Amino acid sequence: MDSDEDFVSNVSSDEDMMQDDTDNDLSAAEEDFDVFDDEPDDDPNVIPYKSDKKKGVAFDVSYKVFNSDDIRHQQDEMIDEVNMILEMSKEDAAIMLRYFRWNKERLIDDYMDTPSKVLEAAGLGPSAPELPKLEPIPGFMCDICCEDDDGLLSFAMKCGHRYCVDCYRQYLAQKIREEGEAARIQCPSDGCHRIIDSRSLDLLVASDLRDRYRELLNRTFVEDKDTLKWCPAPDCPNAVECAIKKKDLDKVVPTVACNCGHRFCFGCILSDHQPAPCELVKRWLKKCADDSETANWISANTKECPKCNSTIEKNGGCNHMTCRKCKHEFCWMCMGLWSEHGTSWYNCNRFEEKSGTDARDAQAKSRVSLERYLHYYNRYANHEQSARLDKDIYQKTEKKMVQLQTASGMSWIEVQYLNTASQALQTCRQTLKWTYAFAFYLARNNLTEIFEDNQKDLELAVEALSEMFEKPIAELADAKLKVDIMDKTAYCNKRRVILLEDTADNLANGG
Amino acid sequence: MDSPPVGMTISLSSDSDLSKWDVVLTGPPGSPYVGGVYNIAVTLPAEYPFKAPQVTFATRIYHPNVTNDNLGNICLGLLKPENWKPASRIRAVLDAVRQLLVEPNPEDPLEPRIADEFKNNRPEFDKNVKSYVARYAKGSK
């Protein structure tokens, strides 16, 4: 599947990508020296995120996608390093690294200072020299199940707490399968904090549990590292690395694209929400969850008491309203004072009276904030709805592409522009959607007008492209329309980049 | 088996079921719970001893670490999955429960209000404990 990175880079950041590559090569080359280096703080595995200083796209962050092999490989590399530097077994090095949440430098520093204390804390307390193995011990009784048959196989880690193999296996199965624990499985003995190492585990359990154990370890590796996050797409096994700092999240929206095609925000794991910053997104979503439906209903079904502004639903009866709260009496039709209605009860014909006009004005004012919210919400929801309808868009587009091939005699390569267009539509809609949430929180000034112009341009372009895209196959076969669609696609992407760049600049400058 | 821990008697709820134990604990002397007789239900899960037993107060008790309701759930570090070991002893659990009456742990409460009272208004706390003892824990069995 063609990912949308392709055309994003077309319009924006070809040199930028190259820049990234050289960066990585450099840091990879440094790695060899780093091992013997005393300076602990630069971790060569971390890619610095690119801020707006460099010329390039202000709203882009650098990131890297890893599959499960890469993740395993990364761990192995760090384990090998620690194994070499501190001359401890790989199993122990792994346990130490997990204890230090993969902060290799801190591990080495702390270990150099007080080795025995660090070992104890990590669950590698004082140990017997020989390697643990499964063995029958004469006269042994398992302290868990009280079996004492001759030749009963037993096992003890280096801490010497010995249990029969069946109990050990049962214990590990319970921990791994039921509790999803891997990195912190301790010796079964009460009060012993020794952590089970992978070598011992391999001796004891069958391959299915071993696989699960490894998978759980991988998971903790990603979860322990602040710079790594799992791709949240269903069934996607990839993790993404990005070095964005938490405190920068109000200025940068770190959208990353996984190799599976899912675009998400590295800061909050939600789907791509550029240009709105995470915090604002959170507030908006909360507001929408609380408010939107309720607000719609309130707007459609209620009015406020002209005196005390309590919200009132009229569920029957006549137009003579008496506010439950302040006892104000008014007419539901014209909102004017009831006392001015004279004898024409139950039939309001007084629309022109002053008290009524005033009350209606006041009412209108109190509705403005609600209306304002609904204005933005409806546009936001509209794009969200379109995006939802586009969910199976790839299948639809593919079908369209096949039909177009037969209708026009174009090759598969030649109809790819349709796919490019549909991807552009989706990405732009996603951005547009969030511009409305963003706009709701914007204070009105000159910058807002520029923002709204950008928003309008993008919206117009997207709607135009959408219309072309929906044309029947017969018309799509026209060569001119193809050129138009390609142009419009490029234009949409460009408008999106401009909008995001402008917004990112303003955010970075505290706008 | 060794004799049961101090101040407790242990029996099976039913002779055919080894997984349900009835423990009767008398309020430890020197604590405000003295004079109370508490029924404690111990349930051994099918996975026992690889999974921790469930321990609840069947008698209502006024305590920061026991829910103030009919469930009588207890907050006991020893019973949490990350702390429970197959080699841990029920005896140790029961001792810990008894110790919890001698020494409540208000820093890790199940009933924050009672914990607060325990820390800041001990006479009131003791009074409430005693009234609960009189109302619920006079040993109907």
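Throughout this document, residue positions are counted from 1 along each chain, in the order its sequence is written. Whichever chain is written first is A, and whichever ligand is written first is 1; the rest continue in order. The predicted nature of this model means local features are confined to residues of pLDDT at least 70 and side-chain atom pairs, given and counted, to a pLDDT of 80 or more, with totals for whole chains, interfaces and linings taken over all residues.

## Re the interface of chain B and chain A
Here is step 1 of the chain: Contact residues are listed per partner, giving 9 residues for chain B and 10 residues for chain A.
Here is step 2 of the chain: In this classification, Asp, Glu, Lys and Arg are treated as charged, Ala, Val, Leu, Ile, Met, Phe, Trp, Tyr, Cys and Pro as nonpolar, and every other residue, Gly included, as polar. Taken together, the residues of the side of chain B that touches chain A break down into 5 nonpolar, 1 polar and 3 charged. A residue pair is marked as a contact if its C-beta atoms, positioned from the backbone, fall within 7 Å.

## Observations regarding the sheet that holds strand β4 (residues 54-57) of chain B
All names here are of chain B.
Here is step 1 of the chain: At least two bridges found by DSSP between two strands are what make those strands a pair. In this description a helix means any DSSP run of H or I spanning at least four residues, a strand means any run of E spanning at least two, and both kinds are numbered starting from the N terminus. The strand order across the open sheet built from 4 strands is β1-β2-β3-β4, with neighbouring strands paired in antiparallel fashion. Every interior strand has two partners, whereas the edge strands, β1 (8-14) and β4, have only one. Taken over all neighbouring pairs, the strand axes of this sheet differ in orientation by 25 degrees on average, direction set aside.
Here is step 2 of the chain: With 4 bridges connecting them, strand β3 (residues 37-43) and β4 associate as antiparallel partners. Directly across from Thr-43, in β4, lies its bridge partner Gln-54. Axis lines are fitted to C-alpha atoms, over the contacting stretch for helices. Their N-to-C directions set the angle, which ranges from 0 to 180 degrees.

## Points about the environment of Pro-45 of chain B
Residues and elements named next belong to chain B.
Here is step 1 of the chain: Note that Pro-45 resides in the loop between β3 and β4.
Here is step 2 of the chain: Counts of 20 or more other C-beta atoms within 10 Å of a residue's own C-beta define buried residues, counts of 12 or fewer define exposed ones, and intermediate counts define partly exposed ones; C-beta atoms are placed from the backbone. Overall, the presence of 12 C-beta atoms within 10 Å leaves Pro-45 in the exposed class.
Here is step 3 of the chain: For the pair Pro-45 and Ser-19, spaced 26 residues apart in the sequence, the C-alpha separation amounts to 7.1 Å.
Here is step 4 of the chain: Apart from the residues lying within four places of it in its own chain, the contact partners of Pro-45 are Lys-51 and Gln-54.

## Description of the confidence of the model for chain B
Here is step 1 of the chain: Known as pLDDT, the predictor's per-residue confidence is scaled from 0 to 100. Here chain B averages 87 in pLDDT, while 96% of its residues score no lower than 70.
Here is step 2 of the chain: This prediction of the complex comes with two scores: 0.63 for pTM and 0.80 for ipTM.

## Observations concerning the pairing of strand β2 (residues 17-26) of chain B
All names here are of chain B.
Here is step 1 of the chain: Here β1 pairs with β2 via 6 bridges, running antiparallel. Paired with Ile-10 across the bridge in β2 is Val-23.
Here is step 2 of the chain: Here β1 hands over to β2 after 2 residues, the two strands then running antiparallel side by side.
Here is step 3 of the chain: Bridge count between β2 and β3: 7 bridges; the pairing is antiparallel. Opposite Leu-25, over in β3, you have Tyr-38 as the bridge partner.

## Considerations on the sheet that holds strand β6 (residues 239-241) of chain A
Residue and element names in this part refer to chain A.
Here is step 1 of the chain: Here 3 strands make up an open sheet; going across it, the order is β1-β6-β5 and the pairing antiparallel. Strands with a single pairing partner mark the edges of an open sheet, and in this sheet they are β1 (64-66) and β5 (228-230). Each strand axis lies, on average, 30 degrees off the axis of its neighbour in the sheet, ignoring direction.
Here is step 2 of the chain: In this sheet, β6 lies alongside β5 in antiparallel orientation, the contact comprising 3 bridges. Bridge pairing in β6 links Trp-230 to Ala-239.

## Looking at helix α13 (residues 416-441) of chain A
Here is step 1 of the chain: Here the expected span of a helix is defined as 1.5 Å times the quantity of residues minus one. For α13 of chain A, which comprises 26 residues, the first-to-last C-alpha distance of 39 Å matches the rise-based estimate of 38 Å (1.5 Å per residue) to within 8%.
Here is step 2 of the chain: For α13 of chain A, the tally of buried residues reaches 19 of 26 residues, placing the bulk of the element in the interior.

## What to know about the nonpolar core
Here is step 1 of the chain: In terms of nonpolar packing, the biggest core is built from 85 residues, with Met-96, Leu-97, Val-240, Val-256, Ala-437 and Val-462 of chain A touching the most fellow members.
Here is step 2 of the chain: A per-element tally of this core places α13 of chain A first, with 10 residues.
Here is step 3 of the chain: Those residues in contact with Val-240 of chain A that sit more than four places away from it in its chain are Tyr-63, Val-65, Lys-229, Cys-231, Val-256, Cys-258 and Phe-266 of chain A.
Here is step 4 of the chain: The next biggest cluster of nonpolar side chains, apart from the first, holds 24 residues, and it includes Val-23, Ile-40, Tyr-62 and Ile-114 of chain B. For this entry, the nonpolar core is defined as buried Ala, Val, Leu, Ile, Met, Phe, Trp, Tyr and Cys residues connected by C-beta atoms within 7 Å.

## Some remarks on unusual backbone geometry
Here is step 1 of the chain: Each neighbour pair has its own omega, and for Gln-274 of chain A with Pro-275 of chain A the value is 5 degrees, a cis peptide bond.
Here is step 2 of the chain: Note that Pro-275 of chain A resides in the loop between β8 (263-265) and α10 (278-301).
Here is step 3 of the chain: Geometrically, the link from Tyr-48 of chain B to Pro-49 of chain B is a cis peptide bond, its omega value of 5 degrees lying close to zero.
Here is step 4 of the chain: Its place among the elements puts Pro-49 of chain B in the loop between β3 and β4.
Here is step 5 of the chain: Phi at Glu-87 of chain A takes a positive value of approximately 50 degrees, unusual for a residue other than glycine.
Here is step 6 of the chain: On the secondary structure map, Glu-87 of chain A appears in the loop between α3 (68-86) and α4 (90-99).
Here is step 7 of the chain: Judged by local crowding, Glu-87 of chain A falls into the exposed class, with 8 C-beta atoms found within 10 Å.
Here is step 8 of the chain: A positive phi is found at Trp-102 of chain A, a non-glycine position, where the angle reads about 65 degrees.
Here is step 9 of the chain: Inspection of the secondary structure puts Trp-102 of chain A in the loop between α4 and α5 (104-113).
Here is step 10 of the chain: Taking the number of C-beta atoms within 10 Å as the measure of exposure, Trp-102 of chain A has 23 and is therefore buried.

## Topic: the packing of α13 of chain A against helix α14 (residues 446-469) of chain A
Residues and elements named next belong to chain A.
Here is step 1 of the chain: Two elements in contact, α13 and α14, have axes whose closest approach is 10 Å; the angle formed by their N-to-C orientations is 145 degrees. The two elements α13 and α14 cross, and the hand of that crossing is left-handed. Contact residues: Ala-421, Ser-422, Leu-425, Cys-428, Arg-429, Leu-432, Thr-435 and Ala-439 in α13; Phe-451, Glu-452, Gln-455, Leu-458, Glu-459, Val-462, Leu-465, Ser-466 and Phe-469 in α14.
Here is step 2 of the chain: Its residues assigned to classes, the contact of α13 with α14 comprises 10 nonpolar, 4 polar and 3 charged. In a left-handed crossing the near helix is turned counterclockwise from the far helix by less than a right angle, and in a right-handed crossing that turn is clockwise.

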